[in-house]
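# A structural walkthrough
The chain contents come next:
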There are 2 protein chains.
Amino acid sequence: MSQNYKVAIAYDGTNYGGWQIQPNTISIQAVLENVLRIILRQEISLIGSGRTDAGVHALNQVAHFRYSATIDIPRFLYSLNALIPPDIRVRSMQPVDDSFHAQYSAISKTYRYHLWLEPVQDPFQRLYSWHIRRPLDLDALEEACSYLVGTHDFTSFANEAHSGSAAKDPVRTMFNASLHRQEGCAYLEFTANGFLYKMVRNIVGTLVEVAGDQRRPADIPYLLASKDRRLAGQAAPALGLFLVRVIYTRAAPTQLLPL
Amino acid sequence: MSQNYKVAIAYDGTNYGGWQIQPNTISIQAVLENVLRIILRQEISLIGSGRTDAGVHALNQVAHFRYSATIDIPRFLYSLNALIPPDIRVRSMQPVDDSFHAQYSAISKTYRYHLWLEPVQDPFQRLYSWHIRRPLDLDALEEACSYLVGTHDFTSFANEAHSGSAAKDPVRTMFNASLHRQEGCAYLEFTANGFLYKMVRNIVGTLVEVAGDQRRPADIPYLLASKDRRLAGQAAPALGLFLVRVIYTRAAPTQLLPL
């Protein structure tokens, strides 16, 4: 008999080699599993909704783990947050059905990518946005976004995963791809039923080439149709990327601890 | 013949021992003077509007320096920002009258202090706000603020300066002391014709004691009248404090490079 628990986690990815445990780097998953083992006195396997790369941030990464006894959640969250570094915070936790799986039960994920567009970077945004000094045509970028929405084979925007995992179906449905303009900056938001490896960063790099007049917005459908990674643009740097939301079907509504 | 220049500087103070050059620590002033000397090929003395402590941030610190020749400002700012670390940015620069002095010509300064008031800290605010987990009575805090406005002897809220500088007049005029409530957080804003050493942090620490029901709002006038630092509260930590604005009398209006 064991109980399944769902947690929501925010992290500043600057100092980590990504979400997933890997050799020769400190991962967010490893930091959390180590402290979970100390508090719960058993090996805990924490399964995330998906990996985030080195330097990528999360406002709400979701993960699940099983534990053999009942947990006093408020006390446990207090201890957990006291023992992990301050750049990782566990925002909420709830018991969930055995069937809940942070990766396989997810029906959509949302990522945001922040661009800093003024000549001088805000020093407080230096680790959280890509500073682009040359003028960008944001209308062209917005038009290019519109071609990404819908069900497509995203092979052109996917890197080969490090792990030798079996080739996955590269078809994904993009529910939303939108540009949000702010004073001196902007962010892109992408919601899809799933993302291929480095897909958001490859898309953003390509969109910025469109906005910099190196490609046309109408090139996007041709890029998608080509299924050739070499034809798309360079990946945008990791630091501007945030995992902001993971949506599940039948999971109980999550009561987030307000940040 | 030399020209006087005014600069506006933003910095994340996390990694510095404060604005002012001191032994055994890296100061923002030292970083800037070193690069100014390299670019301008002469010793440059950069005078700030005042010191900020180790860990204190600035959105607009103002400083001045003299140089023996004319400077091509856009090119110079580009080079300067390329050579200093990304947690310091020079936002603007303009030639000013010989009479302009970043410290002595200032007629007011504004500081903000950020409080994080939810049970779980936002990991992205961990270096920029004081996390207070216990419940605070913000109405009491706001009432306490009101007693600070006006012309007072602020000795009770001033630490002895490190340097053996001559005792200064401890009377200052507080033009504004206000609380700004936001979702899950709040900030305090103080505008005065000048601030004594550690005055803002000592005031904030004392105000938080009022909000935590350890003192009453009406204690503030008695604290001011006592002129005894030992009676006021503990200093708030440096990391929540931002120098946001310095106002000058006759200086030409500054065209800030938008961040």
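Fair warning: this is a prediction, and the values are worked out from it, not measured in the lab.

Procedures and definitions
Residues numbered from 1 in each chain as written. Chains lettered and ligands numbered in written order. Predicted model: local features only at pLDDT ≥ 70, side-chain atom pairs only at ≥ 80, totals over all residues. Helix = DSSP H or I, 4+ residues; strand = E, 2+ residues; numbered from the N terminus. Rg over C-alpha atoms; globule rule 2.2 N^0.38 Å. Buried ≥ 20, exposed ≤ 12 C-beta atoms within 10 Å, placed from the backbone. Contact = placed C-beta atoms within 7 Å. Axes fitted to C-alpha atoms, helices over the stretch in contact; angles between N-to-C directions. Parallel < 35°, antiparallel > 145°, perpendicular 65-115°, else oblique. Left-handed = near helix turned anticlockwise from the far one by under 90°. Core = buried A, V, L, I, M, F, W, Y, C linked by C-beta atoms within 7 Å. Domains from an automatic or database assignment. Nonpolar A, V, L, I, M, F, W, Y, C, P; charged D, E, K, R; others polar. Least-squares fit on C-alpha atoms with pLDDT ≥ 70 in both. Pairing = 2+ DSSP bridges. pLDDT = per-residue confidence, 0-100.

## Comments concerning the overall build of chain A
Summing up its helical and strand segments, chain A has five helices and 10 strands in all. The C-alpha atoms of chain A give a radius of gyration of 19 Å, which matches the 18 Å a tight globule of 259 residues would have. Principal-axis analysis of the C-alpha atoms places the extent of chain A at approximately 60 × 40 × 35 Å. Per-residue burial over chain A gives 40% buried out of 259 residues. For chain A, contacts bridging at least 24 residues in sequence account for 74% of all contacts bridging at least 6.

## Comments concerning unusual backbone geometry
Residues and elements named next belong to chain B. In this model, N24 sits at a positive phi of 65 degrees, which is unusual for a non-glycine residue. Along the polypeptide, N24 turns up in the loop between β1 (3-11) and α1 (28-40). Overall, N24 belongs to the exposed group, with 5 C-beta atoms counted inside 10 Å. The backbone phi angle of K227 is positive, close to 50 degrees, even though this residue is not glycine. In this fold, K227 is placed in the loop between α5 (219-226) and β10 (241-248).

## As for the packing of α1(B) against helix α2 (residues 73-83) of chain B
Residues and elements named next belong to chain B. Interhelical geometry of α1 versus α2 gives an angle of 130 degrees and a closest axis separation of 10 Å. Classified by the interaxial angle, the pair formed by α1 and α2 is oblique. Crossing of α1 against α2: the hand is right-handed. Taking contact as the criterion, the partners of V35, I38 and I39 in α1 are, on α2, F76, S79, L80 and L83.

## Here we look at the nonpolar core
Counting residues in each nonpolar core, the largest one holds 68 residues, and the members touching the most others are B:I9, B:M199, B:V200, B:V204 and B:L207. No other element matches the eight residues that helix α4 (residues 199-211) of chain B contributes to this core. Two domains each put at least three residues into this core: domain 1 (3-104) and domain 2 (107-244) of chain B. Those residues within four positions of B:V204 in sequence are excluded, and the remaining contacts are B:Y113, B:L188 and B:A236. Of all hydrophobic cores here, the second largest spans 67 residues; its members include A:V56, A:A63, A:I84 and A:L243.

## Details of the interface of chain B and chain A
Taken together, the 21 residues of chain B in the interface contact 21 residues of chain A. Elements with a contribution of two residues or more to the side of chain B that touches chain A: β1 and β4 (88-96) of chain B. It is β4(B) that provides the largest number of residues to the side of chain B that touches chain A, a total of three residues. In terms of residue class, the side of chain B that touches chain A is made up of 11 nonpolar, three polar and seven charged.

## Focus: the relation of the copies chain B and chain A
After a rotation of 180 degrees and a shift along the axis of 0.0 Å, chain B superposes on chain A with an RMSD of 0.0 Å. Both copies are brought into coincidence by an operation consistent with a two-fold rotation axis. Looking at the rotation axis and the C-alpha trace of chain B, the residue lying nearest is B:F124, at 5.0 Å. Comparing contact sets, 100% of the residues at the interface of chain B also lie at the interface in chain A, consistent with an isologous, same-surface contact.

## Some points on the domain arrangement of chain A
Residues and elements named next belong to chain A. According to the domain assignment, chain A contains domain 1 (3-104) and domain 2 (108-244). Distance between the C-alpha centres of domain 1 and domain 2: 27 Å. On the domain 2 side, the residues contacting the 12 residues of domain 1 number nine residues. Partitioned by chemical class, the residues of the side of domain 1 that touches domain 2 number four nonpolar, seven polar and one charged.

## Here's the deal with the pairing of strand β8 (residues 171-182) of chain B
Moving residue by residue along a regular strand, the side chains alternate between the two faces of the sheet. All names here are of chain B. Inspection of the sheet shows strand β7 (residues 150-153) paired to β8 by four bridges, in the antiparallel sense. In the sheet register, T151 faces β8, and the bridge partner there is T173. In sequence, β8 turns back onto strand β9 (residues 185-192) through a hairpin of two residues, with G184 there showing a positive phi of about 80 degrees.

## Thoughts on the confidence of the model for chain A
All names here are of chain A. Per-residue confidence for chain A gives a mean pLDDT of 93, with 94% of residues at or over 70. Within chain A, the element-level pLDDT minimum falls on helix α2 (residues 73-83), averaging 95, and the maximum on strand β6 (residues 130-131), averaging 98. Two summary scores accompany this predicted model of the complex, namely pTM at 0.89 and ipTM at 0.87.

## So, the pairing of β10(B)
Residue and element names in this part refer to chain B. Pairing of strand β3 (residues 57-67) with β10 involves two bridges; the strand directions are parallel. By the bridge assignment for β10, A58 is matched with L243. As defined by bridge partners, strand β5 (residues 106-116) adjoins β10 across seven bridges and the pair is classed as antiparallel. Note that in β10 the partner of K109 across the bridge is V246.

## Side note on the environment of A:L207
Residue and element names in this part refer to chain A. With respect to the element layout, L207 can be found in helix α4 (residues 199-211). A residue is classified by how many C-beta atoms lie within 10 Å of it, and L207, with 27 of them, is buried. For L207 and C145, which are 62 residues apart along the polypeptide, the C-alpha to C-alpha distance reads 7.4 Å. Excluding its chain neighbours within four sequence positions, the residues that come into contact with L207 are L141, A144, C145 and L188.

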